[in-house]
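Here is how the chains run, residue by residue.
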Amino acid sequence: MADEKQTDGEFGADLHRREFFVKLGLGSLGIAAAGTVAFGYQFLSPNVLYEASPIINAGKPESYPLDSVTLDVNSGIYIIHSKEGFFSLSAVCTHLGCLTAWKPDLGIIACPCHGSKFKQDGEKIEGPAPRPLPWKRVWLSDDGDLMVDRSTDIRPMEFVRV
Amino acid sequence: MASSPNYFDQLRKSRVWRSIFRSGTGASTVHRALAIQQNVFLNLFSTKVRRRMLSFSATWYLGTLTFGTFLILVATGVLLMLYYHPSVPQAYADTKDLQFVVSSGLFLRNLHRWSAHAMVFLVFAHMFKVFYRGAYRAPREFNWVIGIILLLVTLLLSYTGYLLPWDQLAYWAITVGSNIASAVPLMGNKIHFLLLGGNAVNANALLRFYVLHCMILPLAAIFFIAVHFWRIRKDGGLYAHQSEPATLRAQAAAAKEAR
């Protein structure tokens, strides 16, 4: 038993039948566990999502008067018609995702949750929000409708002129 | 074995292991008995069993196999619940999504379905085995009753699960099945109304069957399975014909007479 000499360094040289089967069993369990993790991860990741399209049809540009900020509550974006042209901002606060609101009397965008404030072009004025509100890609469709892609951020100050 | 470190023994001697399993690591009879007795789950079972009780011929392992299918059904059922909405517009579409869109969804759905069939079969096989061996007799009459309850719970689980795919087969099967319930004298129509949550199989019925299938009946099954296992211990272990005291006494008497 204990005084039996072990041949160190040579793995397998002194491998008993029971140890072999213990290792085989543990190895099989390890492989099965890894397989279960992979299986579970694949199953839990949905292959099809029934979520709203990121692309929004915001309607005719004429419906947005000059110097207006229009919040689309359902899609969480602002359509802004400024002197330089049209652009779209995300209305989702960069702090923790609350929906911001346009304050026409103050001329700012404000978040009701934690008091972040943004300028009309999305630039941060104050508050816990770490980043300005991102600009979203805007273009005109063949029918002349304003289109917004909520999934694509663009650099600020890229206006669409109609 | 002493020539190499035993991983299990090292693990079992670790402080974490000892904080969870307090019965100790020895291989003595006492330690082995304590390991069963001091475990909240294993406590349901006997600390000692006769070898004969564990032989294949005694039970054909039918009860254990039934429990195995139940565990498979719980595991696969919980996973299926992650993609299934029990609502009229979505139930059928979700079922089809599970078959054709979700990774391994078809495998899990089929495993759930086949295990359900297997469980019904095994429950009946277990019951026949117990019946023909006479294992239902005293002192095990009450465990037989628990077994009948478990049979009914199994059949109800099967029946309620039948509606959930929300296809034609499901709809008409439950329509027919719930009309059978209305054949109960005097309160049949009331039972039918309460079971479906309305006069026809519709949104309320789907939700009720979902709650029954995923919550109420599985909890009932777990509860009665626990009692069923515990009663095995309380009734003197599994029925192993040769080791029953009455049988042994009869054998001893016969041997004495032969002498």
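As the structure is a computational prediction, the values presented were derived from the model and not from experiment. (Residues numbered from 1 in each chain as written. Chains lettered and ligands numbered in written order. Predicted model: local features only at pLDDT ≥ 70, side-chain atom pairs only at ≥ 80, totals over all residues.)

As for the nonpolar core
Spelled out, the test is: A set of buried Ala, Val, Leu, Ile, Met, Phe, Trp, Tyr and Cys residues, joined through C-beta atoms within 7 Å, is what we mean by a nonpolar core. Whether a residue is buried, exposed or partly exposed is read from the other C-beta atoms within 10 Å of its own C-beta, which are placed from the backbone; 20 or more gives buried, 12 or fewer gives exposed, and intermediate counts give partly exposed. Numbering of helices and strands runs from the N terminus; a helix is a DSSP stretch of H or I covering at least four residues, while a strand is a stretch of E covering at least two. Contacts are defined on C-beta atoms placed from the backbone: any two residues whose C-beta positions lie within 7 Å are in contact.
Counting 17 residues, the largest nonpolar core has A:Ile77, A:Tyr78, A:Ile79, A:Phe87, A:Leu89, A:Leu146 and A:Val148 as its most contacted members. Where this core is concerned, the elements lending two or more residues are strand E1 (55–59), strand E3 (77–82), strand E4 (85–90), strand E9 (135–140) and strand E10 (146–154) of chain A. Looking at this core element by element, the count peaks at four residues for E3(A). Residue contacts for A:Leu146: discarding those within four places in its chain leaves A:Ala58, A:Gly59, A:Pro61, A:Ile79, A:Phe86, A:Val138 and A:Leu140. If you look at the next biggest cluster of nonpolar residues, it comprises 13 residues, including B:Ala91, B:Ala170, B:Leu196 and B:Tyr210.

Some remarks on the sheet that holds E4(A)
All names here are of chain A. The cut-off we apply is this: The criterion for strand pairing is that DSSP finds at least two bridges linking the strands in question. Here an angle of 0 to 180 degrees is reported between the N-to-C directions of two axes, which are lines fitted to C-alpha atoms, with helices fitted over the stretch in contact.
Spatially, E1-E10-E9-E4-E3-E2 is the arrangement adopted by the six strands of the open sheet, whose pairing is antiparallel. Both edges of this open sheet fall to E1 and strand E2 (68–72), since each of them pairs with a single strand only. Each neighbouring strand pair of the sheet contributes to a mean axis angle of 30°, computed without reference to strand direction. Strand direction decides the pairing type here: E3 and E4, joined by six bridges, are antiparallel. When the bridges of E4 are listed, Tyr78 appears paired with Leu89.

Quick notes on the environment of B:Ala254
Tracing the chain through its elements places B:Ala254 in helix H12 (residues 245–258). The spacing of B:Ala254 and B:Ala240 is 14 residues in sequence and 20 Å in space, taken between C-alpha atoms.

A word on the packing of helix H5 (residues 62–81) of chain B against helix H7 (residues 105–133) of chain B
All names here are of chain B. Using the following cut-off: Should an angle lie under 35 degrees it is considered roughly parallel, over 145 roughly antiparallel, and from 65 to 115 roughly perpendicular; all remaining angles are considered oblique. Helix crossings fall into two classes, left-handed where the near helix is turned counterclockwise from the far one by less than a right angle and right-handed where it is turned clockwise. All amino acids are sorted into three groups, where Ala, Val, Leu, Ile, Met, Phe, Trp, Tyr, Cys and Pro are nonpolar, Asp, Glu, Lys and Arg are charged, and the leftover types, Gly among them, are polar.
Across the interface, H5 lies against H7 with an axial gap of 8 Å and an inter-helix angle of 155°. One finds that H5 runs roughly antiparallel with respect to H7. Between H5 and H7 lies a crossing of left-handed hand. Residue classes in the contact of H5 with H7 are distributed as 15 nonpolar, eight polar and two charged.

Notes on the domain arrangement of chain A
Filter applied, for reference: The start and end points of each domain follow an automatic or database-based domain assignment.
Segmenting chain A into domains produces domain 1 (11–50) and domain 2 (55–154). Between the C-alpha centres of domain 1 of chain A and domain 2 of chain A there is a distance of 50 Å.

Things to note about H7(B)
Let me state the cut-off plainly: Each helix should span, by expectation, one fewer than its residue count multiplied by 1.5 Å.
With 29 residues, H7(B) extends 41 Å between its outermost C-alpha atoms, agreeing within 8% with the 42 Å of an ideal straight helix rising 1.5 Å per residue. In the core, the buried residues of H7(B) are packed alongside H5, helix H6 (91–100) and helix H8 (141–163) of chain B.

Examining the confidence of the model for chain B
How we decide: pLDDT expresses how confident the predictor is about each individual residue, on a scale running from 0 to 100.
Taken residue by residue, chain B gives an average pLDDT of 90. The fraction at 70 or more is 95%. Model confidence for the complex: the whole-complex pTM is 0.82, and ipTM, which rates the interface, is 0.77.

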